[in-house]
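For reference, the chains in residue letters:
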Amino acid sequence: MQRVFFLAAYFFICANAFAQQYPFVQYTPKDGLINSRVRKSYQDSKGRMYFLTYNGLSAYDGVRFKNYTVQNGLASNLVNDILEIGNDSFLVATNTGYLNILANGTMSLLKANGDPTPLANQFYKHSKNEIYITSDNGLYLLKNNRFTKLNTDPVKEHHFFGGITGYNDFVVFTTNELKYFRGIYLFDAINNRICDAMPDKGVRSLEKDEKNRIWISSDEELYVLDSMALARGKLVLVTPPGNYRPAKNYPTFNISFDDKAALLVYYNKKIVRIDEQGSISEMALPEQVSSSGVSHILTDRENIIWLCNDGAGVFKIVNSPLRIFENPAERPMQHYASKAFCFKDTTWYSFNNNKLFRKTPQGLTEFSCNTERSPFIFHQAGEKVLAYDFWNMYKAILNEKSGSVNFIRTASVPDSNAFGKKLMVDTYGNIIAIMATGLGVWKNNKLVCHIPAQTSDLIEGLAFDKNNLLWVVKRYWETEVFSLHPEDSSKYLQLVFRFEKDQPGGSPRSFVIDKTGMIWIGTREHGLFACRLEGKQLKKILHFNIANGLTDNFITALACDSLNNIIAGTQTGVDRIIRDDADSYRVENVTKNGNFFAFISDVWADANNQSYALTSTGGLLQLSSSDAIKHKKNFTPQLLIEEMRVNAHVFPFSKTTFSYKENNISFSVAAPSFIDEKQIRFSYLLEGSGNDQWSDTSALNSVINLTNLSAGEYLLKVKAYFPSTYYPPAESSFAFEVTPPWWQTWWFRLAIGIVGIALLVAGFRFYYSRKLANQKVVLEKKQAIEKERTRIATDMHDDLGAGLSRIKFLSETIGIKKQQQQPIEEDISKIRQYSHEMIDKMGEIVWALNEKNDSLSDLLSYTRSYAAEYLAQNGIQCVVSLPEQLPAAFVSGEFRRNIFLAVKEILHNVVKHSQAGKVNITITLAHNLAIQIQDDGSGFDPAHIRPYSNGLPNIEKRMKDIGGTMKIVTGKGTAVNLSVPLPL
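Every value quoted in this text rests on a predicted model; they were computed, and no experiment measured them.

(A) Up close: the overall build of the chain. Secondary structure assignment for the chain yields eight helices and 71 strands. Against the globule reference of 30 Å for 984 residues, the chain gives a C-alpha radius of gyration of 59 Å, more extended than a compact globule. Summarising its shape, the C-alpha atoms of the chain cover approximately 195 × 100 × 45 Å along the three principal directions. Put simply, the chain has 984 residues, and 48% of those count as buried.

Listed below in structure tokens is the structure:
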């Protein structure tokens with residue numbers, strides 16, 4: 001943290017000025033400054049301060065120092081000058097043949113075209129695109145990123161060019177030869193030549209004020225260049241104009257101007273201020289500042305004075321409404337002021353000796369008292385005053401001529417009942433006094449009414465409201481409100497309201513009523529309460545404490561000024577609660593801003609909009625009105641988002657889109673205002689996070705950490721509050737986006753949706769296809785059953801029906817023949833034959849229908865048995881060749897039937913047509929079932945098959961129905977080859 005200390009200086013304004021203290025704030029490497037040898041300070045357009053040192057460059061935004069050295073890209077650690085050339089872009093000159101560019105916080109080397117980069121000493125920005133540079137080897141122009149060496153004849157080449165400024169189309173620069181500052185030159189920028197020179201004139205400094213006047217300090221005195229002569233291309237030194245003439249007596253290395261066009265110079269270990277009215281102020285500097293000398297003075301936009309020191313760092317003198325006087329008596333004294341009383345524009349100071357001092361607009365008057373110690377004035381009416389001490393009340397008539405006050409005692413109280421904090425005269429001329437035993441009313445110097453207080457309690461404050469009701473605030477038990485009744489002295493004070501201890505709360509120590517009737521109560525530990533009387537209740541309206549801006553929670557004294565601001569004295573200093581509008585208040589830490597801390601024993605305000613405070617050691621503090629401190633050009637601090645880190649790595653602000661893995665983002669913010677930068681508070685709101693509440697205001701919020709951000713679009717809003725000044729809140733924002741992982745992107749979700757819909761459609765399609773397939777299978781089974789039933793019916797009709805019809809016909813024939821006595825043996829034999837055939841066919845039908853026979857081995861066994869038996873019955877030899885092992889493969893009834901009937905039909909043809917004596921049946925199994933039936937008969941010619949024959953077509957059809965084929969090979973005998981794919 002910064003080191004803060006107080007240094008006494010003497011401020012002379014006319015003849016009646018007296019000692020005033022100025023607070024200095026020092027910045028050193030302990031606070032973050034890069035080096036304590038500071039050459040120059042500079043303020044950019046956004047309010048940041050830059051300090052040029054012998055060991056690097058420091059940028060200070062009020063929150064943190066950001067330092068640059070050769071390790072950060074600086075060409076050399078010895079920094080000569082800096083110039084703002086664009087938005088967050090700066091040209092930096094170091095003591096080497098390179099220039100740096102500082103852009104958005106990043107330092108890099110300037111890559112320029114044209115002549116080599118000069119060793120630059122100072123910059124002068126003539127226009128947006130033209131920058132003049134003084135260097136160790138001449139004058140240069142930097143334009144459009146190109147260096148051009150200018151014609152500076154007849155200046156000696158070995159001269160080092162130093163200070164530089166300009167006027168219209170002319171450039172004024174100085175030279176020096178290793179600390180011998182000598183020579184001033186005028187360069188004509190249009191004609192590229194030196195048009196006038198004073199080569200032997202000693203020049204210490206060169207500066208231009210806001211009125212475009214060029215000030216030059218020589219070895220002898222301070223001059224101004226004549227503007228009319230400059231316009232003609234001539235150098236003419238004149239005495240400073242008007243009331244600035246006394247400035248000629250202050251040759252100096254350092255010149256600055258404040259917001260009121262007052263000249264500030266460093267001379268003989270003092271800061272001398274000369275304004276346009278000719279007033280001269282001298283501020284003596286302490287040893288810490290003056291021992292190493294002031295290398296540069298800068299007055300910033302807030303009228304703060306910055307002093308650069310070659311060895312002790314940087315010193316800041318804050319432009320504050322606070323003036324600190326060592327003694328209201330305006331002279332050193334052994335004794336100190338113990339109490340003050342203000343009446344209109346007159347203030348009385350009671351000292352702890354027999355002296356009284358009266359301060360009026362006409363001046364300060366000292367009075368001697370006839371008492372050992374000066375009593376406390378509490379009332380004035382013309383030349384008559386009333387006073388008191390701990391046990392007595394007095395009256396007196398002022399003797400202006402003799403400068404003395406003869407106090408006459410008018411009343412006394414015993415030691416056990418001393419007078420307290422306050423005595424006052426009411427509208428009826430009676431004295432109301434706080435006493436050790438309670439509240440007393442004195443009429444004609446006699447105690448006529450006494451309101452006792454509890455033994456352990458103390459009365460801390462009295463005040464009349466706008467209804468002439470007397471408010472009495474007690475330390476421990478209650479707050480009471482009385483009405484005045486002059487018609488009955490014994491009941492002069494009659495109770496109207498009583499508010500218990502918890503209304504409003506805390507232990508009161510001070511009390512005041514403002515001009516709107518608001519009740520302000522200062523407490524011992526709980527800060528300051530503001531209340532209003534609503535009906536019979538004392539309602540809390542406001543509460544101020546350390547958490548929301550007060551310097552301290554112990555409020556020792558309260559007063560209300562002419563602007564209805566509340567002056568609050570605490571055990572560590574003075575705060576001012578400023579009423580901005582009807583419902584808005586802010587806290588101004590007056591003494592804390594001035595780095596002054598003391599126990600405040602009393603505060604008051606006069607009729608001239610000035611407020612005062614008295615310390616416990618008799619020091620006087622004067623507070624100017626809250627709007628008395630104005631700054632240059634209506635300066636308002638900007639809220640800056642200085643740095644962005646993503647996963648702890650610095651990122652440029654041009655990047656606004658981050659991946660889902662880059663979801664830990666921090667922002668460093670600042671609001672450059674240096675009146676009291678440590679009191680600046682920050683608050684933020686992250687839109688898009690689901691939280692619509694602003695964060696608590698805290699200086700710690702200068703670093704905003706956003707962790708584990710989910711995917712989405714965000715808008716970071718930041719506010720800066722300046723509780724110690726009248727500045728309105730400053731705002732800034734930054735929009736960014738965290739992209740989701742690919743599995744959470746819209747296109748992936750769309751694809752998933754499409755796939756899901758496709759799967760759903762496919763699922764429904766599969767379900768209904770399966771359902772239709774099952775229904776088809778069931779239907780096919782039904783159709784197969786119906787087909788099988790039809791086949792069985794057909795077979796029974798064709799085979800069994802035909803046999804039964806023959807038997808019936810033969811039976812009828814037998815009956816007829818028997819009547820005719822004809823022979824019937826042949827017919828009976830046929831009936832027997834047909835019966836056997838029908839039985840065989842019935843067996844075949846039953847075999848085909850039986851599911852137990854649905855195996856390949858059953859089919860082949862049954863077929864072999866039939867073939868052997870059938871051929872044997874017809875006298876043909878049968879040889880059947882089968883594989884050694886028959887698989888137990890499943891075959892359908894249709895497969896069995898078609899194979900069997902095809903073999904049966906072939907054997908029937910062999911028996912009927914071939915005249916064969918032997919038949920070889922060969923069965924092989926592989927992927928197909930192959931059956932070869934080879935006879936040794938006469939063979940046949942397929943081309944001469946009997947018309948309308950159904951045998952072979954039936955065989956082909958049966959094989960085709962089960963996916964098989966039939967081939968007939970004729971020659972010596974006939975071979976019929978059947979091939980059918982086996983079912984899996």
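(B) Structural detail: the pattern of salt bridges. For the structure on display, the rule yields 26 salt bridges. Across the pair Arg-358 and Glu-400 runs a salt bridge, and its minimum N-O distance is 2.8 Å. Placement of Arg-358 in strand 33 (residues 355–360) and of Glu-400 in the loop between strand 37 (392–399) and strand 38 (404–405) is noted, with a sequence separation of 42 residues between them. Judged by relative accessible area, Glu-400 falls into the partly exposed class, the value being 38%. With a closest N to O distance of 2.6 Å, Arg-475 and Glu-460 form a salt bridge. Note that Arg-475 is positioned in the loop between strand 45 (470–474) and strand 46 (478–484) and Glu-460 in strand 44 (residues 459–464), a separation of 15 residues in sequence. With respect to burial, Arg-475 and Glu-460 carry one shared label: buried. Taken together, the salt bridges that share partners define one network made up of Asp-44, Lys-46, Arg-48, Asp-88 and Glu-642.

(C) Quick peek at the sheet that holds strand 12 (residues 120–125). Strand order in the open sheet made by the five strands is 11-15-14-13-12, with mixed pairing throughout. Every interior strand has two partners, whereas the edge strands, strand 11 (113–114) and strand 12, have only one. Pairing of strand 13 (residues 130–135) with strand 14 (residues 138–143), which is carried by six bridges, proceeds in the antiparallel orientation. Its bridge partner lying in strand 14, Tyr-132 is registered against Leu-141.

(D) Summary view of the environment of Ile-955. Here Ile-955 lies in helix 8 (residues 951–961). Measuring from C-alpha to C-alpha, the distance between Ile-955 and Phe-544 comes to 114 Å, with 411 residues separating the pair along the chain.

(E) Seen up close, the side chain of Thr-299. In this structure, Thr-299 sits in strand 27 (residues 294–299). Engagement of the side chain of Thr-299 in a polar contact is seen with the side chain of Ser-256, the distance being 3.1 Å.

(F) Fine view of unusual backbone geometry. Residue Pro-154 follows Asp-153 across a cis peptide bond; omega there is 10°. You will see that Asn-468, though not glycine, has its phi angle at about 60°, which is positive. Using a relative accessible area of 24% as the deciding quantity, one classes Asn-468 as partly exposed. At Ala-648, a position not held by glycine, the phi torsion is positive, near 75°. Topologically, Ala-648 is positioned in the loop between strand 59 (640–646) and strand 60 (649–651).

(G) Molecular detail of the packing of aromatic side chains. Tallied over the full model, the rule gives 48 aromatic pairs. Arranged with centres 6.0 Å apart and planes meeting at 55°, the rings of Phe-419 and Trp-442 form a pair that is tilted. Of the two residues, Phe-419 is situated in strand 40 (residues 419–425) and Trp-442 in strand 42 (residues 438–443); the sequence distance between them amounts to 23 residues. A single burial state applies to Phe-419 and to Trp-442, both of which are buried. On the basis of an interplanar angle of 10° and a centroid distance of 5.5 Å, the ring pair of Tyr-866 and Tyr-870 is categorised as stacked.

(H) Highlighting helix 6 (residues 856–873). Between its first and last C-alpha atoms helix 6 spans 26 Å; for 18 residues at 1.5 Å apiece the expected length is 26 Å, and the two agree. Among the residues of helix 6, those classed as buried are Leu-856, Leu-859, Leu-860, Thr-863, Tyr-866, Ala-867, Tyr-870 and Leu-871. For helix 6, the arc enclosing every buried residue in end-on projection is 135°, short of the 170-degree limit, so these residues lie on one face. Along helix 6, exposed side chains directed more than 90 degrees from the buried face belong to Ala-872 and Gln-873.

(I) How the structure looks around the sheet that holds strand 70 (residues 965–971). Read from one edge of the open sheet, five strands run 67-68-69-71-70, paired in mixed fashion. Bordering the open sheet on either side are strand 67 (877–881) and strand 70, each of which pairs with just one other strand. Each adjacent strand pair in this sheet contributes to an overall mean axis angle of 10°, direction not counted. Taken together, the five bridges between strand 67 and strand 68 (residues 918–925) define a ladder with parallel strand orientation. Within strand 68, the residue paired with Val-879 across the bridge is Asn-920. Packing of helix 6 onto the sheet brings it into contact with strand 67, strand 68 and strand 69 (928–935), and relative to strand 68 it is tilted by some 175°. Sitting on the sheet, helix 7 (residues 893–914) touches strand 68, strand 69 and strand 71 (973–981), and the angle it makes with strand 69 is about 10°.

(J) View of the pairing of strand 36 (residues 384–388). The buried fraction of strand 36 is high, at four of five residues. Here strand 35 (residues 376–381) runs beside strand 36; their pairing, made up of five bridges, is antiparallel. Within strand 36, the position partnered with His-379 by the bridge is Leu-386. Count of turn residues in the strand 35/strand 36 antiparallel hairpin: two residues, of which Gly-382 carries a positive phi of about 70°. Here strand 36 pairs with strand 37 via five bridges, running antiparallel. Bridge pairing in strand 37 links Leu-386 to Lys-395. Joining the antiparallel neighbours strand 36 and strand 37 is a turn of three residues.

About the criteria used
- Think of each chain on its own: its residues are numbered from 1, step by step along the sequence as written.
- Reporting in this predicted model follows two pLDDT cut-offs: at least 70 for local features of residues, and 80 or more for side-chain atom pairs to be given and counted; totals over whole chains, interfaces and linings ignore these cut-offs and use all residues.
- Note: side-chain values were computed over all heavy atoms of the structure, leaving out hydrogens and water.
- The secondary structure listing takes helices from DSSP runs of H or I that are at least 4 residues long and strands from runs of E that are at least 2 residues long, numbered from the N terminus.
- Throughout, the radius of gyration refers to the C-alpha atoms, and the reference size of a globule is 2.2 Å times the residue count to the power 0.38.
- Whether a residue is buried, partly exposed or exposed follows from its accessible area with a 1.4 Å probe, protein chains only, as a fraction of its type maximum: under 20%, in between, or over 50%, in that order.
- Just to be clear on terms, a salt bridge is a Lys or Arg side-chain nitrogen sitting within 4 Å of an Asp or Glu carboxyl oxygen.
- A pair of strands is labelled paired if DSSP reports no fewer than 2 bridges between them.
- Pairs of N or O atoms are called polar contacts if they sit within 3.5 Å, as long as, within protein, a hydrogen donor faces a hydrogen acceptor (for residues adjacent in sequence, only side-chain-to-side-chain pairs).
- A pair of aromatic rings is counted whenever rings of Phe, Tyr or Trp (Trp by its six-membered ring) have centres within 6.5 Å, and the orientation is called stacked for planes under 30 degrees apart, edge-to-face for over 60 and tilted otherwise.
- To estimate how far a helix should reach, multiply one less than its number of residues by 1.5 Å.
- Summarising the geometry, the arc corresponds to the directions from the helix axis toward the C-beta atoms.
- Lines fitted to the C-alpha atoms define the axes, with helices restricted to the stretch that makes contact. Angles between their N-to-C directions range from 0 to 180 degrees.
- By definition in these notes, contact holds between two residues if any of their heavy atoms fall within 4.5 Å.

These figures capture arrangement, not role.
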